[in-house]
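# Structural features, examined
This is what each chain is made of:
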Amino acid sequence: NTQLRRSTPTLELSATSAMAEADIKLTAVTKDGTALGKLIPAGSLSKEEGVQGIAGNWQIPGVTEPIELTISGMSVVSVQKPFGNQPLMGEVEESERLFGMHVTMGGFPMKAWMTQDGGKKVLAFSNGGRWSKQ
């Protein structure tokens with residue numbers, strides 16, 4: 001019985017450590033994963049058009065208030081922090097001809113590109129999200 005009692009706290013500690021590691025969220029933009037050039041559909045906006053058009057208010061479907069994005073150099077950040085109390089963070093991929101961005105949103109990595117739909121700019125995300133420029 002003594003040996004069994006000693007091993008129990010070790011098991012609990014291991015479970016606690018595993019849970020803590022599972023709760024880690026990204027707080028920076030990662031550029032690994034699938035190359036943006038393989039994800040950006042033909043007909044998307046050029047890098048120059050995207051960089052010029054990214055700043056401003058974006059409407060997220062099902063969300064009342066728009067999200068304001070700002071750009072400094074090639075870094076994009078949201079003014080608001082609605083994603084797990086974190087801003088959207090993005091880095092424009094400079095090596096692509098078309099606009100593509102590495103994104104961290106709510107602690108999760110994804111990619112984004114910009115298209116046009118009926119004259120409105122649309123920010124498309126690799127997770128299926130679509131934001132419309134206001």
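Small disclaimer: the values here were computed from a predicted structure and weren't measured.

### Points about the overall build of the chain
Of regular secondary structure, the chain possesses 3 helices and 8 strands. Going from the N terminus to the C terminus, the chain shows its helices and strands as α-α-α-β-β-β-β-β-β-β-β. Here the chain holds 134 residues, and 34% of them are scored as buried. If you take every contact in the chain between residues at least 6 apart in sequence, the share linking residues at least 24 apart comes to 46%. A total of about 8,100 Å² of accessible surface is found on the chain, and carbon and sulfur atoms cover 52% of it.

### Some details on unusual backbone geometry
Residue Asn 85 is not a glycine yet carries a positive backbone phi of 60°. Considering the arrangement of structural elements, one finds Asn 85 in the loop between strand S3 (75-78) and strand S4 (89-92). Note on Asn 85: relative accessible area 63%, which makes it exposed.

### Description of the sheet that holds strand S7 (residues 120-125)
Reading around the circumference, S1-S2-S3-S4-S5-S6-S7-S8 is the order of the 8 strands in this closed barrel, with antiparallel pairing throughout. On average, each strand axis in the sheet is inclined to that of its neighbour by 30°, with strand direction left out of account. When strand S1 (residues 56-59) meets strand S2 (residues 67-72), the two strands line up antiparallel, connected through 3 bridges. Looking at S2, one finds that Asn 57 is bridged to Glu 68.

### Details of the pairing of S7
Pairing of strand S6 (residues 108-117) with S7 involves 6 bridges; the strand directions are antiparallel. Counted as the bridge partner of Met 114 is Leu 123 from S7. The sheet contact formed by S7 and strand S8 (residues 130-133) spans 3 bridges and is antiparallel. Paired with Ala 124 across the bridge in S8 is Arg 130. A loop of 4 residues connects S7 with S8, the two strands running antiparallel in sequence, and Gly 128 in this loop sits at a positive phi of about 100°.

### Re the confidence of the model for the chain
Residues with a pLDDT of 70 or more make up 80% of the chain, whose mean pLDDT is 85. Every residue in residues 4-22 is under pLDDT 50, and counting partners more than four places away or in other chains gives 0 contacts.

### Things to note about the side chain of His 102
Positionally, His 102 belongs in strand S5 (residues 100-105). Excluding residues that lie within four positions of it along the chain, His 102 makes contacts with Val 29, Thr 30, Lys 31, Leu 36, Met 89, Gly 90, Glu 91, Glu 93, Met 110 and Lys 111.

### Some details on the nonpolar core
If you look at the biggest cluster of nonpolar residues, it comprises 20 residues, and the most contacted ones within it are Ile 54, Leu 69, Leu 88, Leu 123, Phe 125 and Trp 131. Among the secondary structure elements, those contributing two or more residues to this core are S2, S5, S6 and S7. Listed in part, the 5 residues of the second largest apolar core include Leu 36, Ile 40, Trp 113 and Ala 124.

Definitions and limits used
- Residues numbered from 1 in each chain as written.
- Predicted model: local features only at pLDDT ≥ 70, side-chain atom pairs only at ≥ 80, totals over all residues.
- Heavy atoms only, no water.
- Helix = DSSP H or I, 4+ residues; strand = E, 2+ residues; numbered from the N terminus.
- Buried < 20%, exposed > 50% of the residue type's maximum accessible area, 1.4 Å probe, protein only.
- Contact = heavy atoms within 4.5 Å.
- Areas by Shrake-Rupley, 256 points an atom, 1.4 Å probe, with all protein chains shown as cover.
- Pairing = 2+ DSSP bridges.
- Axes fitted to C-alpha atoms, helices over the stretch in contact; angles between N-to-C directions.
- pLDDT = per-residue confidence, 0-100.
- Core = buried A, V, L, I, M, F, W, Y, C linked by side-chain atoms within 4.5 Å.

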